[in-house]
Amino acid sequence: EESDTIRERYREKAEQINELAADYPDLGIYVYKPVQVHETTMFDEKNEFTSYGREYNDILRDTLKVPYAELQVNTVADYKRYFYAQDHHWNYQGSYQGYVDIIHMIKGSYEEVLLPTSVVTSNDRLMWAGTMGSRTGYILDPEPFYYYTFDLPEYHVDINGDEQKVENMNNVEEQLTYK
């Protein structure tokens, strides 16, 4: 909906981020926004209304002084590819697209990204039912939760000389329990 209050909140948030970037000039600050379906204009004409999400996102783009990018959702097919049907959360394809977008925003569009080695379906036994689904009384059934696997390089985290335990993310299946 149209709201001067929302416009001002977007401007204030962008200015706060700009101030943070100015206070820490040696720290790379980037903003990536996972656009939601209600922030697009894809349903406006057919339904004879004007949605303002695109305008609010443009405020961020125009006000921020740091690199900004967002998930591109231009068609219903895009939305169905990236999100769960009953919720606003990204599915495995949306998460991966966000990762690719962020890497390219930070490192450049020619930066190589990790490619999935497989998609794990768990024989459709691991299910997702989001909070938006509960608000609608679960008019849609829970959906299978799929995820990609990757050939991840070995790494460690060092905090002030103390090596921290890192879960082996190449073994996601071992960490999941499902019935």
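Everything quoted here is computed from the prediction, not taken from an experiment.

Undergrad: Would you take a moment to explain the pattern of salt bridges for this structure?
TA: Side chains that carry opposite charge are capable of pairing whenever their charged atoms lie near each other. This model, assessed by the stated rule, comprises 10 salt bridges. Across the pair R7 and E2 runs a salt bridge, and its minimum N-O distance is 3.0 Å. Across the pair E55 and R7 runs a salt bridge, and its minimum N-O distance is 2.4 Å. Taken together, the residues E55 in helix α3 (residues 53-63) and R7 in helix α1 (residues 4-23) connect sequence positions 48 residues apart. One continuous salt-bridge network, built from bridges that share partners, spans E2, D4, R7 and E55.

Undergrad: I would appreciate a short explanation of the packing of aromatic side chains in the present structure.
TA: The description of an aromatic ring pair rests on the distance of the ring centres and on the angle between the ring planes. Throughout the structure, instances matching the rule amount to 12 aromatic pairs. An aromatic cluster of at least three residues, connected via ring pairs, comprises Y92, Y96, Y99, Y146, Y148 and F150. The cationic tip of R81 hangs over the ring face of Y82; the distance from NZ or CZ to the ring centre is 5.1 Å.

Undergrad: Even after reading the chapter, I still don't get the nonpolar core, so can you show me in this structure?
TA: Buried together is how nonpolar side chains tend to be arranged in soluble globular proteins. Within the largest apolar cluster, 13 residues are counted, with the highest numbers of intra-cluster contacts made by I17, V31, L60, L64 and V66. Elements represented by at least two residues in this core include exactly α1 and α3. Ranked by the residues each element gives to this core, the list is headed by α1, at four residues. Excluding anything up to four places from it in sequence, I17 contacts I29, V31, L64 and V66.

Undergrad: Whenever I open this one, the side chain of E143 confuses me. Can you help?
TA: Topologically, E143 is positioned in strand β5 (residues 143-144). No salt bridge forms around the buried E143; measuring N to O, its nearest opposite-charge neighbour K80 is 10 Å away. At 2.9 Å, the side chain of E143 forms a polar contact with the backbone nitrogen of A85. Aside from chain neighbours lying at most four places away, what touches E143 is Y84, A85, Q86, L126, M127 and W128.

Undergrad: In this structure, what is going on with α1? I would like to understand it.
TA: Counting along an α-helix, one turn takes 3.6 residues, and residues three or four places apart therefore face a common direction. Taking 1.5 Å as the rise per residue, α1 with 20 residues should run 28 Å; its terminal C-alpha atoms sit 28 Å apart, in good agreement. Of the surrounding elements, those touching the buried residues of α1 are β1 (31-33) and α3. At the N-terminal end of α1, a side-chain oxygen is found 3.2 Å from the backbone nitrogen of T5, two or three residues along, and the residue is S3.

Undergrad: Help me out: how do you make sense of the confidence of the model for the chain in this one?
TA: Low-pLDDT portions of the prediction should not be read for the details of their coordinates. This prediction gives the chain a mean pLDDT of 87; 90% of its residues lie at or above 70. Within the chain, the element-level pLDDT minimum falls on helix α7 (residues 172-175), averaging 60, and the maximum on helix α5 (residues 92-107), averaging 97.

Undergrad: Is there a simple way to explain the side chain of T63 in this structure?
TA: Secondary-structure assignment places T63 in helix α3. The residues contacting T63, other than those within four sequence positions of it, are R11, A14, E15 and N18.

Undergrad: Looking at this model, I keep getting lost on the environment of R11. Mind explaining?
TA: Position of R11 among the secondary structure elements: in helix α1. Separated by 52 residues in sequence, R11 and T63 have C-alpha atoms that sit 6.7 Å apart. Ignoring anything within four residues of it in the chain, the contact list for R11 reads I59 and T63.

Undergrad: Quick question: what am I supposed to make of the environment of V166 here?
TA: Topologically, V166 is positioned in the loop between β8 (162-164) and α7. Separated by 10 residues in the primary sequence, V166 and H156 have C-alpha atoms spaced 6.4 Å apart. With sequence-adjacent residues up to four places away left out, V166 is seen in contact with Y155, H156 and V157.

Undergrad: Is there a simple way to think about α3 in this case?
TA: Every buried residue of α3 is listed here: G53, Y56, N57, I59, L60 and T63. One face of α3 carries all of its buried residues, which in axial projection span an arc of 145°. For α3, the secondary structure elements touched by its buried residues are α1, β1 and β2 (68-70).

Rules of the game
- Residues numbered from 1 in each chain as written.
- Predicted model: local features only at pLDDT ≥ 70, side-chain atom pairs only at ≥ 80, totals over all residues.
- Heavy atoms only, no water.
- Salt bridge = Lys/Arg side-chain N within 4 Å of Asp/Glu carboxyl O.
- Helix = DSSP H or I, 4+ residues; strand = E, 2+ residues; numbered from the N terminus.
- Phe/Tyr/Trp six-rings, centres within 6.5 Å; stacked < 30°, edge-to-face > 60°.
- Lys NZ or Arg CZ within 6 Å of the ring centre and 35° of its normal.
- Core = buried A, V, L, I, M, F, W, Y, C linked by side-chain atoms within 4.5 Å.
- Buried < 20%, exposed > 50% of the residue type's maximum accessible area, 1.4 Å probe, protein only.
- Contact = heavy atoms within 4.5 Å.
- Lys, Arg positive; Asp, Glu negative; His and termini not counted.
- Polar contact = N/O pair within 3.5 Å; in protein donor to acceptor, adjacent residues only side chain to side chain.
- Expected span 1.5 Å × (residues − 1).
- pLDDT = per-residue confidence, 0-100.
- Arc of directions from axis to C-beta.

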